[in-house]
Amino acid sequence: MKKNTELNPQNESDFPLHLYHHGKNDRIYETYGAHKQICAGKEGYIFRVWAPHAQCVSVVGDFNNWNKESHYMQRMVDGESFELFIEGLKQYDTYKYCVTAQDGRKLLKADPAAFHAETAPATASKLYDLEGYVWHDEKFREETKNKNVFSSPMNVYEVNLLSWKRHADGNFLSYRHLAKELVPYVKEMGYTHVEFMPVTEFPFEGSWGYQVTGYFAVTSRMGTPHDFMYLIDEFHKAGIGVILDWVPAHFPKDEHGLYEFDGQPLYESSQWDRMEHKSWGTRRFDYGRDEVLSFLISSACFFFEKYHIDGIRVDAVASMLYLDYDKRPGEWVPNIYGENKNLEAIAFLRKLNEAVFLRFPYALMVAEESTAWGLVTKPASVGGLGFNFKWNMGWMNDMLSYVSLNPFFRMNNHNKLTFSMMYAFSENFVLPISHDEVVHGKCSLINKMPGLYEDKFAGVRSFLGYMTAHPGKKLNFMGYEFGQFKEWDYHEGLEFFLRDEYELHGKLSVMVKELNEYYKCTPAFYEVEDSWDGFEWLAPDDADRNVVSFIRRDRAGNEVIALVSFSGADTEDYLLGVNEKGKYTIVFNTDDKKYGGTGSVKKKTLTAVARPSHGKQFSIPIDMPRLTCIYLVKEAEAPRAKKAAAPKAPKAAK
């Protein structure tokens, strides 16, 4: 067998293979997989697959009645890959690879680099030519490339495309149907981005897409690759960015997938302690294998290039970083330094981000990292992982724990409200209330709130007001915006009838829409999120009354004050300490009647008086309703008219 080192990188046909075997090919989808080609004047498809331990590989499908012996592939120059040209095949033809293992077993495998697949429960790959779609998003992409993502608004609506809505018979909406309904909805509600839970092909719907078998194929449950391109195109035309949830941490053990692809561990690690995610029942990728690095990095780059996505949320980063993740003592082996860090995974993540940003400098690379790992959003040159955003799981856990408490007990847990500001500028954070927080008995967002029916809505409104004003980009999972009480169920669509038929649900939807719009047009809430220049506490320690207040500032020095009561009782004559005297206008109030509140704050303009409070010389007296968030802006003082100078007496004539 010819070894990788014998490849001649000077030979143009060998060069992609040379890069692939050295972990430096981020375009393997141009070499491997099935591609339309004209060979010796004949039109057909060229198939290529990597299977270094295989005795032989053949292509099988409907075209040859799944005959395992009729279309054997030839070994390529690297000795580890196989190729074959087959004349006369057409788009949508199904195929698999029959891989003969060293022990003689014949394994039917889907193409790891296929662009399309049969709809589950069928598992074959399908021929598909990605070329030919005409994009209409040039303006959006140009604007995106010129945007500073750190000082721009980012308010993400997380969506499971299979269960946002369903047809009356329970069938999925197609990508094109979603373009007609989901795109205008997201636009109307004022979000800046959507994030799709995994759409890379997967066999089991109960995995929510997190057990992937097709890293270059979008799920065929809702249509074709061109249909998915159309959906993204429509989002872009509406001015909305698209982020994909992507899963490089593990893959399932389905027979047709990557699992022991050529009869033994290949994409997965062969080390006993690194092979499996036992609690997930899946295999872990081998980040020490160069070909696996090329495969995964190419998958990420593929969706930026071919599907024009704007970002990737990398799932389960913590499970990659730690050798002892979800393991007990004796179930893992330390690295060469005696530590629990997975050095190969760290190197992979750095390499991934470097490769993506080199080709797509405008990309959003977001880590779902659930521990206190340092420098996640710092460059590799200073020891970081190279992402530009990280989910703030600490903030999420603290806040959901806090708001779930009866208000009577919140005073003893006030630090959960304020602790996030101890590290708010250590990373570039996204504040996530994701799908994981509204399943498995955790309750929907509104049902986490204590109290009676009306109290729950007030609790959600005050929480969302606080979240919007808190430093960090925002992400919320579908259904929160109209107060769905039921936990998310991937079997069925959201209960949109609540918004249409029940007053408080409809009014909550109105508030979320207007809150989103206020966020987008208020630079103080998003422009400075990496330093104390954009934030100042006014009252961080008012635990007895369950109240916090703070200032957000933009680069020009414009300020918005956020006053939030998480108390279960109204607070009369509350003194909001402020830096300056003058008049302050309430620009947003979650207790407004149009949002389902009591409307008890009648005045729109309040005056700061010389009554010290919270260490400030001035304060604004206000009767603060319970479970309410209010934003205030200081009115600009009218310039004083200059006093006219007295006319000078004329000089006496000489």
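What you see is a predicted model, and the numbers here were worked out from it, not measured in a lab.

To continue, consider the overall build of the protein chain. Looking only at helices and strands, the protein chain features 14 helices and 30 strands. Relative to a compact globule of 654 residues, whose C-alpha radius of gyration would be 26 Å, the protein chain shows 29 Å and is just as compact. Considering only C-alpha atoms, the protein chain reaches an extent of 110 × 80 × 55 Å along its principal axes. A buried classification covers 59% of the 654 residues belonging to the protein chain. Long-range contacts, defined here as pairs at least 24 residues apart, represent 72% of the contacts in the protein chain between residues at least 6 apart. Between the centroid of the 76 positive side chains of the protein chain and the centroid of its 89 negative side chains there is a distance of 7 Å.

Evaluated as defined, the whole model comprises 41 salt bridges. Here Glu83 makes a salt bridge to Arg48, at a shortest N to O gap of 2.9 Å. With Glu83 in strand E5 (residues 81-87) and Arg48 in strand E2 (residues 42-50), this residue pair connects regions lying 35 residues apart in the sequence. The exposure class of Glu83 is partly exposed, given its relative accessible area of 25%. Notably, a salt bridge pairs Asp315 with Arg313, separated by 2.9 Å at the nearest N-O pair. Both residues of the pair, Asp315 and Arg313, count as buried.

Okay, the packing of helix H3 (residues 175-189) against helix H14 (residues 503-520) next. The relative placement of two packed helices is expressed as an angle between their axes plus a distance between the axes. Between H3 and H14, the shortest axis-to-axis distance is 8 Å and the interhelical angle comes to 70 degrees. Classified by the interaxial angle, the pair formed by H3 and H14 is roughly perpendicular. Here H3 contributes Lys187, Glu188 and Met189 to the contact with H14, which in turn contributes Ser509, Val512, Lys513, Asn516 and Glu517.

Taken as a whole, the protein chain shows an average pLDDT of 93; of its residues, 95% reach a score of 70 or greater. Here residues 1-5 is a poorly scored stretch, pLDDT under 50, and it has 12 contacts once near neighbours within four places are set aside; other chains count. With pLDDT under 50 throughout, residues 638-647 is counted as low confidence; its partners more than four residues away or in other chains account for zero contacts.

Evaluation of the coordinates by the stated rule reveals 60 aromatic pairs. Summarising the aromatic geometry, the rings of Phe216 and Phe302 are spaced 5.3 Å apart at their centres and angled 70 degrees between planes, so their arrangement reads as edge-to-face. Highlighted residues: Phe216 in strand E13 (residues 214-218) and Phe302 in helix H5 (residues 290-307), separated in sequence by 86 residues. On the basis of relative accessible area, Phe302 is assigned to the buried category, the value being 0%.

Right, let's talk about the sheet that holds strand E21 (residues 429-433) for a bit. Backbone hydrogen bonds are what pair the strands of a sheet, in a parallel or an antiparallel way. The strand order around the closed barrel built from eight strands is E10-E11-E14-E18-E19-E20-E21-E22, with neighbouring strands paired in parallel fashion. The mean angle between the axes of side-by-side strands here comes to 25 degrees, regardless of whether they run parallel or antiparallel. Most of the contacts of helix H12 (residues 453-469) go to strand E22 (residues 473-477), to which it runs at about 145 degrees, and overall it touches E21 and E22.

For the peptide bond that leads from Ala120 to Pro121, omega is 10 degrees, which places it in the cis range. Checked against the element boundaries, Pro121 lands in the loop between strand E8 (116-117) and strand E9 (125-126). A positive phi angle is found at His440, which is not glycine, with a value near 55 degrees. In this structure, His440 sits in the loop between E21 and helix H11 (445-448). In this model, Cys443 sits at a positive phi of 80 degrees, which is unusual for a non-glycine residue. Secondary-structure assignment places Cys443 in the loop between E21 and H11.

Further remarks concern the pairing of E5. Relative to E5, E2 runs antiparallel, the two being bridged by seven bridges. By the bridge assignment for E5, Arg48 is matched with Glu83. In this structure, the hairpin formed by strand E4 (residues 74-75) and E5 is closed by a connection of five residues, where Gly79 is found at a positive phi of approximately 75 degrees.

With that out of the way, let us pick up the packing of H5 against helix H7 (residues 343-359). With their axes 10 Å apart at the nearest point, H5 and H7 run at an angle of 30 degrees to one another. By the angle between their directions, the pair H5 and H7 is classed as roughly parallel. The handedness of the crossing between H5 and H7 comes out as right-handed. Contact residues: Leu293, Leu296, Ile297, Ala300, Cys301, Phe304 and Glu305 in H5; Phe348, Lys351, Leu352, Ala355, Val356 and Arg359 in H7. Grouping the constituent residues of the contact of H5 with H7 by class yields 10 nonpolar, no polar and three charged.

For Phe85, the position within the fold is in strand E5. A relative accessible area of 22% places Phe85 in the partly exposed class. Distance from Phe85 to Arg48, taken between C-alpha atoms, is 9.0 Å for residues 37 residues apart in sequence. Not counting the four nearest positions on each side in its chain, Phe85 is found in contact with Gln37, Cys39, Lys42, Glu43, Gly44, Tyr45 and Ile46.

Here three strands make up an open sheet; going across it, the order is E15-E17-E16 and the pairing antiparallel. The open sheet is flanked by strand E15 (250-252) and strand E16 (276-277), the only strands paired with a single partner. As defined by bridge partners, E16 adjoins strand E17 (residues 282-284) across two bridges and the pair is classed as antiparallel. Pairing of His277 across the sheet is with Thr282, part of E17.

Calculation criteria
Residues numbered from 1 in each chain as written. Predicted model: local features only at pLDDT ≥ 70, side-chain atom pairs only at ≥ 80, totals over all residues. Heavy atoms only, no water. Helix = DSSP H or I, 4+ residues; strand = E, 2+ residues; numbered from the N terminus. Rg over C-alpha atoms; globule rule 2.2 N^0.38 Å. Buried < 20%, exposed > 50% of the residue type's maximum accessible area, 1.4 Å probe, protein only. Contact = heavy atoms within 4.5 Å. Lys, Arg positive; Asp, Glu negative; His and termini not counted. Charge placed at Lys NZ, Arg CZ, Asp CG, Glu CD. Salt bridge = Lys/Arg side-chain N within 4 Å of Asp/Glu carboxyl O. Axes fitted to C-alpha atoms, helices over the stretch in contact; angles between N-to-C directions. Parallel < 35°, antiparallel > 145°, perpendicular 65-115°, else oblique. pLDDT = per-residue confidence, 0-100. Phe/Tyr/Trp six-rings, centres within 6.5 Å; stacked < 30°, edge-to-face > 60°. Pairing = 2+ DSSP bridges. Left-handed = near helix turned anticlockwise from the far one by under 90°. Nonpolar A, V, L, I, M, F, W, Y, C, P; charged D, E, K, R; others polar.

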